[in-house]
Number of protein chains: 2
Amino acid sequence: MTNGFGYQLVHRDSGSAARRGQFVTPRGAVDTPAFMPVGTLGAIKGLTIDAVRATGAQMVLSNTYHLALRPGETIVRELGGLHQFMGWDGPILTDSGGFQLFSLAKLTKINDQGAIFRSHIDGSLFELSPERAIEIQEALGSDIAMVLDHVAPLPCDLATLREACDRTILWAKRCRDAATRSDQAQFAIVQGGLDEELRLSCAEQLTALDFPGYAIGGLSVGEEPSDMYRTLDFTCPALPEDKPRYLMGVGRPQDLLEAVRRGVDLFDCVMPTRNGRNALAFTDEGPLRLRNLIHQRDLAPLEEHCPCPACRHSRGYLRHLFQADEMLGPILLTAHNLTYYQRLLAEARAAIEADQFPAFYRKKMTGWGEQID
Amino acid sequence: MTNGFGYQLVHRDSGSAARRGQFVTPRGAVDTPAFMPVGTLGAIKGLTIDAVRATGAQMVLSNTYHLALRPGETIVRELGGLHQFMGWDGPILTDSGGFQLFSLAKLTKINDQGAIFRSHIDGSLFELSPERAIEIQEALGSDIAMVLDHVAPLPCDLATLREACDRTILWAKRCRDAATRSDQAQFAIVQGGLDEELRLSCAEQLTALDFPGYAIGGLSVGEEPSDMYRTLDFTCPALPEDKPRYLMGVGRPQDLLEAVRRGVDLFDCVMPTRNGRNALAFTDEGPLRLRNLIHQRDLAPLEEHCPCPACRHSRGYLRHLFQADEMLGPILLTAHNLTYYQRLLAEARAAIEADQFPAFYRKKMTGWGEQID
């Protein structure tokens, strides 16, 4: 059994399903709802670990599949484990490789035993089973390990969805049985596509296994946002109240608030970092495209009251950096976007504590130019 | 006339020509000998301005030619001038474009009037004259403007060297006459290749013009280090004692100490930043190539007592970042190398103050594996 992990409710919003809590781990507590920046290869692209901390992040994510290929989990372990490797002493969550198995690898074979596929780097054969996914994550030494899941593409016929769901439940059990580290908690992953019956059945069977946390997987894979929100509508209530709920790989700022008001606690997404590298900055008035000529002579910062290092410069300077291919452009916009996401979640937490989440939600959505029901 | 600039001698080493001083500017004093990191396009590649400051830099350099092409000096002026643009409130030195005219541009015509050449970006025609070089630098608002000089390639016949020297002196006068800002000091540039007579004649004529500072240009353009040191041997004593001396575009750590012991006060070079981006780290034991397999499982930092952000990680992690093409590799090695250069100059200043520069010089050169005379 794992020790030192737990979810503590601080306040439940009376006007929505949003909840303010703390996810307690041996490496510190995470105020939820929370956003985890993505450090795919043991680095948040473009930021020193101090710069990551300065955005307000309390917990980061790293990718099992990518680290297993480069530099290899035994190298990470020999270099002191993932925390020492990347210099992050807070909690780290690692995914299982299930999503990369779906999105990146040239899959050659998948069955109940596991998956064999070709690496996207050099085409070499790579095997992933529930046991191997846990073995890698234990070598990395993350605080939270995700079970190996089978992600189905959307849209998808019901038989395939059901098979992926059954396999995900089977693999969750095997992951749990494979665990040898008491300092690593495993989160189960609910699959089932957009189908209510499958989602509820999957949630029920996984809940019976009593994992320390539950993720909602298989969303943000191309479906309409409204389909994702509808799926959250029926999936969130099926998850245990006393465990953290993690919506994997989501998403835009509006997706985060839609999920928070349905009761989600944890998020990760490459959007703030990837979009930042591509000159897109998130703001309360919606995204800014910094390559646009309109910013050429603009003395204003991205946002007046943002404490990030980008917002000490003018939009004109930031545009210049991108036009001149200076590394500092991606660096600064990555810092801004991660700071923006952290500020957004911090504001959401404050709004829930003040029992005013719906008003906060409406204000933000209006600022972004979103339609509200 | 310019106000608020001056050179103050703190201590002269008794065993060499090394001198510890302060270069006073309206934006603060610079402890000399000093190294200026290069911010070609208004950014030190890969570092936020706070990260630049954290390396210990007191003064930075930026490039007139590059900024005139992108984003254009009028844009920089409209965005508050170069200091506000890049967020650096300390002194900034801008070069004149003379070196890029030599190294980068496809030169079409150069005569006493000026130079017309094609931009390396888009092939458009670009004119540079002494008056235009000062006009651009005044629009940028740097604290120290360099006069436009004519850099001759090495090796070079004496007639061409003499012509470039004469033109450099002519242009220095015209730059001085073109100045309209009292808050910007101009440095003259001594040319003359490796020829003693030309160097001394150039230094004498420029000294008579009483500039606030003097640079030694036209070195580090492919000649042997020993030729550069020999040229410094006779050029440094020909420069005024009461003005800062700046060796342009130099160089390796050993070049810096060789120049310091001959009486040079200021340096700039892309080597720490460019080499850092290419996985080379400077250390007291000589350079480390981080892509080397030997570092794969190495838990040691680049240097045990270095305060830079790279040295909080293992060499194994730094190697991984380069192998995985993570931006953080270039970022961290840039920070390390600039910190290394700043530490080296800080140690040199302390050694001069302690009147022990030769012993310091020998210790460092031995560590780098250099032969000492």
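Residues numbered from 1 in each chain as written. Chains lettered and ligands numbered in written order. Predicted model: local features only at pLDDT ≥ 70, side-chain atom pairs only at ≥ 80, totals over all residues. Heavy atoms only, no water.

Let's talk about the sheet that holds strand S7 (residues 106-110) of chain B
All names here are of chain B. Spatially, S7-S8-S9 is the arrangement adopted by the 3 strands of the open sheet, whose pairing is antiparallel. Lying at the two open borders of the sheet, with one neighbouring strand each, are S7 and strand S9 (125-128). On average, each strand axis in the sheet is tilted by 25° relative to the strand beside it, whichever way the strands run. Alignment of strand S8 (residues 115-118) against S9, held across 4 bridges, turns out to be antiparallel. Bridge pairing in S9 links Phe117 to Phe126. (Pairing = 2+ DSSP bridges. Helix = DSSP H or I, 4+ residues; strand = E, 2+ residues; numbered from the N terminus. Axes fitted to C-alpha atoms, helices over the stretch in contact; angles between N-to-C directions.)

Some points on the packing of aromatic side chains
Residue and element names in this part refer to chain A. Across all of its chains, the model carries 22 aromatic pairs over all chains by this definition. Consider the rings of Phe357 and Phe360, whose centres lie 5.8 Å apart with planes at 50°: the pair is tilted. Residue Phe357 and its partner Phe360 are located together in helix H14 (residues 357-367), separated by 3 residues, close to a single helical turn. Take Phe357 and Phe360: they sit in the same class, and that class is buried. An aromatic cluster is built from Phe5, Phe23 and Phe187, whose rings are joined through pairwise contacts. (Phe/Tyr/Trp six-rings, centres within 6.5 Å; stacked < 30°, edge-to-face > 60°. Buried < 20%, exposed > 50% of the residue type's maximum accessible area, 1.4 Å probe, protein only.)

A look at the sheet that holds strand S12 (residues 213-216) of chain A
Residues and elements named next belong to chain A. Overall, parallel pairing links the 8 strands, which are arranged S4-S14-S13-S12-S11-S10-S6-S5 in an open sheet. Since the sheet does not close on itself, it has two edges, and those belong to strand S4 (34-36) and strand S5 (60-62), each with one partner. Neighbour-to-neighbour, the strand axes of this sheet turn through a mean angle of 25°, independent of strand direction. Sitting on the sheet, helix H13 (residues 328-353) is in contact with S4 and strand S14 (266-268), with an inclination near 160° to S4. (Contact = heavy atoms within 4.5 Å.)

Remarks on the UniProt feature "active site" (unreviewed entry) in chain A
Residues and elements named next belong to chain A. Feature annotation in UniProt places "active site" (unreviewed entry) on Asp95 and Asp268, given in this structure's numbering. For this annotated set, covering 174 residues, all C-alpha atoms fall within 10.5 Å of each other, a compact arrangement in space. The topology assignment puts Asp95 in the loop between strand S6 (92-94) and helix H5 (98-103). On the accessibility criterion, Asp95 (7% relative accessible area) is buried. Among all residues touching Asp95, those that are not within four sequence positions of it are Ser62, Asn63, Thr64, Gln100, Gln137 and Met146. Within the fold, Asp268 resides in strand S14. (UniProt positions renumbered as here; feature names shortened; annotations may be inferred.)

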